[in-house]
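# Examining the three-dimensional arrangement
Here is how the chains run, residue by residue.
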Amino acid sequence: MYPSYFGLSEPCFSIAPDPRYLFLSAQHREALAHLVYGAGEQGGFVLLTGEVGTGKTTVCRAFLEQLPEHVEVALILNPCLTARELLVAVCEEFGIAIAADERSLKRLVDALNQYLLALHAEGRRALLIIDEAQNLRPRVLEQIRLLTNLETSTHKLLQIFLIGQPELRRMLARAQLRQVDQRITARVHLHPFDHHETSAYIGHRLAVAGCERMPFTAMALWRIHRWSRGLPRLINILCDRALLGAYVSRHPRVDAGIVACAARELGGDPVDHHDRSRGASPTLVVGAVLAVALGAGWWGMDWLGARSSHPLAGPGTSSEAEVVEPLPRRLPEALRAAAATEPEAMLRLLRRWGVELDTLGEGAPCARVATLGLRCESGRGALAVLRRLDRPALLAVEPEEDAPEARYLVLAGLRRDTALIDGPEGAVEIPAKALERGWSGDFVVLWQPPPVGGAVIGPGDEAEAIRWLRRLLAEVPELGFSDLETPGFDPVLRKALERFQRSQGLEADGLAGARTLIALHNQVDLPGIARLREVSP
């Protein structure tokens, strides 16, 4: 109904996975790098977890598309099976034919072992992926662990990926499953989108569908993020309903009121979340999915009928039901004066790195930054996170009724109780508490990637990138690492990197990604790096 109204070639917020709409945020790209790295390991488990709707299936599909031809994959989508039934399903996925009357556990394991040995002899590998793994029974998990014992004298024959919801991690933490937990060689957990990623995700899907003008106001995007809590599936559901609502009420754009009405129709009011990292409740997800199944025609009539008691009906109309969440407080005047559009704020941030530009040009600011030899790293947190990163940062400002368009501040420095904000006339000093009240919690920092290779250094990367990483680690005295001559990403290098990650409070995954390299640059005091601590008003 609404695509032609907004200039779309098709509805672009379906919850069905469509590879044309693939969107990988920074954390999804990092998760993908972990999976690709894990596929190159010799045996053991790789764990991918995330709340319902965070994009686990999206990452898995992208991972499968990157696998080389010599890797054979068995994909189990329904793990609610007994140990014998699971082994039968694995054999069927690999194309191993076993007569129905010969499907004992021993016969199934023997047949699988023969198949894996034949693959190994041909220079090929086997990968078992189990989706919804939180539904596995403990006895079945133990049987899966035993499959990792299939090996030659030098190589494990089967790599296993477990994909599931957060309760999978809690299940593996039980004492009875410690042998499985100890064999996990890589752990990846997907978090919901932050506000910046939510907006980028919505813009990406609209662009793929041919939309030339953003139909959502900045305040609407903010409310979508708050209601969906950054979960892609819920973002799709709410955007689809909000676009339909704007079409039915003949609004040229989707504003915050339309989003609020759509959220109520879906059975969940936006609320002021004190815990910014919390995901959506299962009840909310189920309710939203059921609501999407309602007929569009019925909903349109219901919407029109409700307009008499809704502010969308016209000025002067009020209703207590519309007050679904408090609007953000008004920014202090000093912050209002320093706030800027994203391109202008990015120009200020680049000046902290010694880059002077008159304009960023067309396209996303972070895409332009990449052409300058820098990278964007987005995140969500409090000022304590930025103190650890020790980088000037772009801060998203909470929108206001009289200033609904997206605005940003540039954090230039931090003291104990004050912050320095870059304004049009230079840096201004404000209380840190005032900044936290006006800041949404979303941030972007710039960082310097390795001189060669990609943004993540791991096994299989260019030799020069690995040598560069070795040199940096050798400059951290506490590590006691001095192995500069060994080629490749060997176990000694990985263990040194994991020790460094643990010392910095990072996830010890043995891969040098953005946060790890930022911390490493800070430790060795790499020249040319913009730092918060060097700034004075």
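What comes next concerns the included structure. (Residues numbered from 1 in each chain as written. Predicted model: local features only at pLDDT ≥ 70, side-chain atom pairs only at ≥ 80, totals over all residues. Heavy atoms only, no water.)

## Quick look at the pairing of strand 4 (residues 158-164)
Heads up, the condition is: The rule is simple: take the accessible area with a 1.4 Å probe, protein chains only, and divide by the maximum for that residue type; under 20% is buried, over 50% is exposed, in between is partly exposed. Counting from the N terminus, the helices are the DSSP runs of H or I reaching at least four residues and the strands are the DSSP runs of E reaching at least two. A pair of strands is labelled paired if DSSP reports no fewer than 2 bridges between them. Here, the term right-handed applies to a crossover whose path from the first strand over the helix to the second runs clockwise when the strands point away from the viewer.
Buried residues dominate strand 4, accounting for 7 of its 7 residues. The sheet contact formed by strand 1 (residues 45-50) and strand 4 spans 5 bridges and is parallel. Directly across from Leu47, in strand 4, lies its bridge partner Leu162. Once you follow strand 3 (residues 125-130) into helix 5 (residues 138-147) and on to strand 4, the crossover reads as right-handed.

## Overview of the state of the cysteines
What is meant by a disulfide is a covalent connection between two cysteines, made through their sulfur atoms. Where we set the bar: Any two cysteine sulfur atoms lying within 2.5 Å of each other are counted as a disulfide.
Tallied over the entire structure, the rule returns 1 disulfide. For Cys366, the disulfide goes to Cys376, at an S-S distance of 2.2 Å. Around the S-S axis, the bridge from Cys366 to Cys376 shows a dihedral of about -100 degrees and counts as left-handed. Separated by 10 residues along the polypeptide, Cys366 in helix 16 (residues 365-370) and Cys376 in strand 6 (residues 375-380) bring together distant segments of the chain. On the accessibility criterion, Cys366 (24% relative accessible area) is partly exposed. With a relative accessible area of 21%, Cys376 lands in the partly exposed category. Counting only cysteine sulfurs, Cys211 is the nearest neighbor of Cys12, a cysteine outside any disulfide, at a range of 7.5 Å.

## Let's talk about the packing of helix 3 (residues 83-93) against helix 5
The line we're drawing: All axes here are fitted lines through C-alpha atoms, helices being fitted over the stretch that makes contact, and every angle between N-to-C directions spans 0 to 180 degrees. Note that the term roughly parallel is reserved for angles under 35 degrees, roughly antiparallel for angles over 145, roughly perpendicular for angles of 65 to 115, and oblique for everything else. Crossing handedness is defined as follows: a turn of the near helix away from the far one that is anticlockwise and smaller than a right angle gives a left-handed crossing, while the clockwise case is right-handed. In what follows, a contact means two residues having at least one pair of non-hydrogen atoms within 4.5 Å. Just so you know the grouping, Ala, Val, Leu, Ile, Met, Phe, Trp, Tyr, Cys and Pro go in nonpolar, Asp, Glu, Lys and Arg go in charged, and all remaining residues, Gly too, go in polar.
Their axes nearest at 9 Å, the elements helix 3 and helix 5 cross at an angle of 45 degrees. When the axis of helix 3 is compared with that of helix 5, the two are oblique. Helix 5 is crossed by helix 3, and the crossing has right-handed handedness. Residues Ala83, Leu86 and Leu87 of helix 3 form the contact with helix 5, whose participating residues are Val140, Gln143, Ile144 and Leu147. In the contact of helix 3 with helix 5, the residues fall into 6 nonpolar, 1 polar and no charged.

## A closer look at helix 11 (residues 256-265)
Most of helix 11 is tucked away, with 8 of its 10 residues classed as buried. Of the positions making up helix 11, those classed as buried are Ala256, Gly257, Ile258, Val259, Ala260, Cys261, Ala262 and Ala263. Gly267 occupies a position one or two residues after helix 11 and carries a positive phi of about 90 degrees.

## A few points about the sheet that holds strand 4
Reading across the sheet, the 5 strands line up as 2-3-4-1-5 and stay open at both edges, with parallel pairing between neighbours. A single partner strand is all that each edge strand has here, and the edge strands are strand 2 (71-76) and strand 5 (184-190). Each strand axis lies, on average, 15 degrees off the axis of its neighbour in the sheet, ignoring direction. Against the sheet, helix 1 (residues 26-39) makes contact with strand 1, strand 3, strand 4 and strand 5, and its axis sits at roughly 165 degrees relative to strand 5, the strand it touches most. Strand contacts of helix 5: strand 1, strand 3 and strand 4, with the helix running at about 150 degrees to strand 4, the strand carrying the most contacts.

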